[in-house]
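# Descriptive analysis of the structure
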Amino acid sequence: MGVDNRQIQTAVLADPESDDPVVCPTDADELDEFREEFAGTTFWCGILLGGCGGQLLTRRGNVRVSHFAHFPDPDGLLPECGRRSRGVASADHLYVRAATQTWLRRQGHTPHYRYIDRDDAPVGSLVEIELDGRTLLLHMDPATPPDWDEQQAGDIILGPGVQVDYLTLVRRGHVNRIKFVSEGNQRVMMLGTELPHVGTDWDFDLADCTVDEHGRLITPVITRLEAARAAAERAPVPGPRSEKPEAPVQIGTLTRLINTAVQKKETTTVRELRDTAQLQVPRCEGQALDHLQRAIDRANGLLDEQDRVRRRLFAGLDEAVRHGHVYKVTTMTPQVRRFIQDDTVTTPQEEGILEAADTLLRETRQQAAQKRRAADERRAAAAREWEERRAAAAEEGERRRAAEAQEPPAQPVTQAQERKARNRARGRVQSLTGRLRREELSAQQQKHLVEELVLAAKEAGDHLSEAEQRKVNEWAERVAAPAEESGTAQKTSPAAQPQPDAITEPAKLPDRLVPTVAAVRGALKKTARERTTTSWNRLEHQLGSALPSLTSNERVQVLVQVDRPTAGDEPLLSSLLAAGDPHFAYQYYRHVLTALGLDAPDSDEDLRDVVEADTEQVFTDWRFR
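Residues numbered from 1 in each chain as written. Predicted model: local features only at pLDDT ≥ 70, side-chain atom pairs only at ≥ 80, totals over all residues. Heavy atoms only, no water.

## Focus on the sheet that holds strand β12 (residues 199-201)
Across the sheet, which stays open at both edges, the seven strands sit in the order β6-β7-β8-β9-β10-β11-β12 with mixed pairing between neighbours. With partners counted over all chains shown, the strands left at the sheet margins are β6 (111-118) and β12, one partner each. Taking the axes of each pair of neighbouring strands and ignoring which way they run, one obtains an average angle of 30° across the sheet. For strand β9 (residues 155-158) and strand β10 (residues 175-183), the ladder comprises two bridges, and the chain directions are parallel. Bridged to Leu-158 within β10 is Arg-177. Packed on one face of the sheet, helix α2 (residues 92-106) meets β6, β7 (121-131), β8 (134-139), β10 and β11 (186-195) and runs near 160° to β6. (Pairing = 2+ DSSP bridges. Helix = DSSP H or I, 4+ residues; strand = E, 2+ residues; numbered from the N terminus. Axes fitted to C-alpha atoms, helices over the stretch in contact; angles between N-to-C directions. Contact = heavy atoms within 4.5 Å.)

Dropping the structure here:
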């Protein structure tokens, strides 16, 4: 049996005339996975590869690399095969269809592919893509030079190693190129654009390119070049001062303009002047050409650096959007917009990233507003529910007293029934004292609860402990005390000692605390821009001696003055401190809201929702301040 030593690396799948290429892995272990992936599929020395059309097998390399090999005939001889190229690049012309078909269809084109095979252009040298009467002609073989003057050639695209002479490149202004790189068992196509004196820019994606109505391949480089040409045509051109052209003077002026724009880093101006200068190169010579070329090189250096920064910014913003990092998107979006304001030509991919960022920020603001509205609705519902409960309790009390006045003498109750009734009354006493201790209530609300407490205590009788009866008495005495004695006392458990400081009027803030207000407001602004929360401990560490030790009452007064300038439709900066310091929020933040004329929820859960909604809105409002 013969041995195939031709080391074939590419084949086609399923049929000798197939245009579906595949690359054989060279590593032995990768070949095992390759065989599993294509189990049941046949490999062929394809006609479109310039092969003989015979079937191939995969040969696992022990000393040499793994490869495709021909099946021997029944006599053990290898078939004759005139295939010239057997390396990984030999099927690149077939990968053109896989790389471009979906991309062209998304633009509304219906591509038809033809692999030209003639004496002067062997199969694989030319790939013709027909697009609704227009043609893209890809030259894949350096041995088949393009005919730039052929009228039917369409838009010519050069493959690896295919050369274009300098004068043709200058006359055309640009030439598009393609090349292929290996990724696993596939070949991936890359597009580039070559400019005179600049070289080929490969640094963009296929998705950023389009085919226009004239059948021309438009890349981001061509977009910027044509924008610069249009700007140059719109600019007024000074007429000659004499009949003799003064080309050296004009070139010198252009050189100075480029150098000045590079020094000032005016990206758009540099790009336009650089492109204009490239168009002037063919008519320059000698010292003028040297000066102009140096200016072009300096411009290219600046533009390359700006393009690298631009790509890094857009890549970071794109990643932040895809992962939903709202804070990072909020920070980077204005940074990206400031960067591109001097270079307004953007690719479709960049426009898509900016649109996605704007959408994410808009949805975040809407969610924060919805959350705030939901918290307001919950507070209103809780207030209505409490009022309904109070009215129902009052109505029930009136009904019970009226029934007791009209009903005949009650039947004797058993000892067990009386014990159960007193135990239920004792439970109401415990519940009511708990509410009075935990909840922030107005004086009227407190009075109604204490009345219910006294009635329940009377009904419980000797089932109350001494401590429970003492609390009932303390609450009854507190409500009965004159208003001037209790108006300034903060409502806590009667047994809690010592009583907190009374909340004084914000207008009476001591002079020594005026600098503290400015320091705390500045720290909260910085916290808002950083999209985080804080606490009194962190503020003391952050501000040092600018934040002296304060009582709880003084902290409330300081925060009231901090948020005095806040507009009525804006959230409070102090919500950042309430969100980061729950103990302060539940004990004292209600006093801040009340002093500023805002509703303070009775429920701790409602207060937490309000603080969370206000915090999100603060982050949104302060991101650009």
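Right, picking up where we left off after that structure.
## Concerning the packing of aromatic side chains
For the coordinates displayed, the defined rule picks out five aromatic pairs. Relative to Phe-38, the ring of Phe-34 lies with its centre 4.7 Å away and its plane at 50°, an arrangement referred to as tilted. Side by side, Phe-34 and Phe-38 carry an identical accessibility label, which is buried. Between Phe-38 and Phe-43, the aromatic rings sit 6.1 Å apart at their centres with planes inclined by 65°, giving edge-to-face as the arrangement. Neither residue differs from the other here; Phe-38 and Phe-43 are each classed as buried. Among the aromatic residues, those joined into a cluster by ring pairs are Phe-34, Phe-38, Phe-43 and Phe-68. When the ring centre of Trp-202 is taken as origin, the NZ or CZ atom of Lys-179, which lies over that ring, is 4.3 Å away. (Phe/Tyr/Trp six-rings, centres within 6.5 Å; stacked < 30°, edge-to-face > 60°. Buried < 20%, exposed > 50% of the residue type's maximum accessible area, 1.4 Å probe, protein only. Lys NZ or Arg CZ within 6 Å of the ring centre and 35° of its normal.)

## Description of the packing of helix α14 (residues 514-529) against helix α16 (residues 552-562)
Close contact between α14 and α16 brings their axes to 9 Å; oriented N to C, the two are set at 65°. When the interaxial angle is binned, α14 and α16 end up roughly perpendicular. As for how α14 packs across α16, the hand of that crossing is right-handed. Where α14 abuts α16, its residues Thr-516, Val-517, Val-520, Arg-521 and Leu-524 lie against Val-558, Leu-559, Gln-561 and Val-562. Of the residues in the contact of α14 with α16, the class split is six nonpolar, two polar and one charged. (Parallel < 35°, antiparallel > 145°, perpendicular 65-115°, else oblique. Left-handed = near helix turned anticlockwise from the far one by under 90°. Nonpolar A, V, L, I, M, F, W, Y, C, P; charged D, E, K, R; others polar.)

## Examining the environment of Phe-34
Mapped onto the elements, Phe-34 comes out in helix α1 (residues 28-37). In this structure Phe-34 comes out as buried when scored by relative accessible area, which is 1%. Once the C-alpha coordinates of Phe-34 and Thr-58 are considered, the two residues, 24 residues apart in sequence, prove to be 9.6 Å apart.

## Thoughts on the nonpolar core
In terms of nonpolar packing, the biggest core is built from 35 residues, with Val-520, Trp-536 and Tyr-589 touching the most fellow members. Residue assignment for this core shows that the elements contributing at least two residues are α14, α15 (536-543), α16, α17 (575-580), α18 (582-595) and α19 (604-621). With residues up to four places along the chain from it excluded, the contact list for Val-520 reads Leu-539, Leu-543, Leu-547, Val-558, Leu-559 and Val-562. Core analysis: the second largest hydrophobic core is formed by 32 residues, Val-12, Leu-104, Ile-178 and Leu-195 among them. (Core = buried A, V, L, I, M, F, W, Y, C linked by side-chain atoms within 4.5 Å.)

## Focus: helix α7 (residues 286-322)
Along an α-helix, a turn takes 3.6 residues, which lines up residues three or four apart on a common side. When the terminal C-alpha atoms of α7 are compared, their 53 Å separation across 37 residues agrees well with the 54 Å that a helix rising 1.5 Å per residue should span. Following α7 by one or two positions, Gly-324 has its phi on the positive side, about 70°. (Expected span 1.5 Å × (residues − 1).)

## Digging into the packing of α7 against helix α8 (residues 326-340)
Interaxial distance between α7 and α8 falls to 10 Å at its minimum, and their mutual angle equals 155°. It follows that α7 is roughly antiparallel to α8 by the angle criterion. Between α7 and α8 lies a crossing of left-handed hand. For the pair α7 and α8, contact is made by Gln-306, Val-309, Arg-310, Leu-313, Phe-314, Gly-316, Leu-317, Ala-320 and Val-321 and by Lys-328, Val-329, Met-332, Thr-333, Gln-335, Val-336, Phe-339 and Ile-340, respectively. Counted by class, the contact of α7 with α8 contains eleven nonpolar, four polar and two charged residues.

## Considerations on the side chain of Thr-193
Looking at the secondary structure, you find Thr-193 in strand β11. Owing to a relative accessible area of 0%, Thr-193 belongs among the buried residues under this scheme. A distance of 2.7 Å separates the side chain of Thr-193 from the side chain of Thr-219, its partner in a polar contact. With sequence-adjacent residues up to four places away left out, Thr-193 is seen in contact with His-174, Val-175, Asn-176, Gly-199, Thr-200, Asp-201, Phe-204, Thr-219, Val-221 and Ile-222. (Polar contact = N/O pair within 3.5 Å; in protein donor to acceptor, adjacent residues only side chain to side chain.)

## Quick word on the pattern of salt bridges
On inspection of all chains with the given rule, the structure shows 21 salt bridges. A salt bridge links Arg-60 to Asp-29, with the nearest nitrogen and oxygen atoms 3.6 Å apart. Pair noted here: Arg-60 is in the loop between β4 (55-59) and β5 (67-70) and Asp-29 is in helix α1, with a separation of 31 residues, a long-range link. Among the residues examined, Arg-60 registers a relative accessible area of 34% and is labelled partly exposed. Among the salt bridges present, the one from Glu-226 reaches Arg-216, with a minimum N-O distance of 3.1 Å. In this pair, Glu-226 sits in helix α4 (residues 220-234) while Arg-216 sits in the loop between β13 (210-211) and β14 (217-218), placing the two residues ten residues apart along the sequence. By relative accessible area, Arg-216 is classed as partly exposed at 32%. The network of salt bridges with common partners includes Asp-29, Asp-32 and Arg-60. (Salt bridge = Lys/Arg side-chain N within 4 Å of Asp/Glu carboxyl O.)

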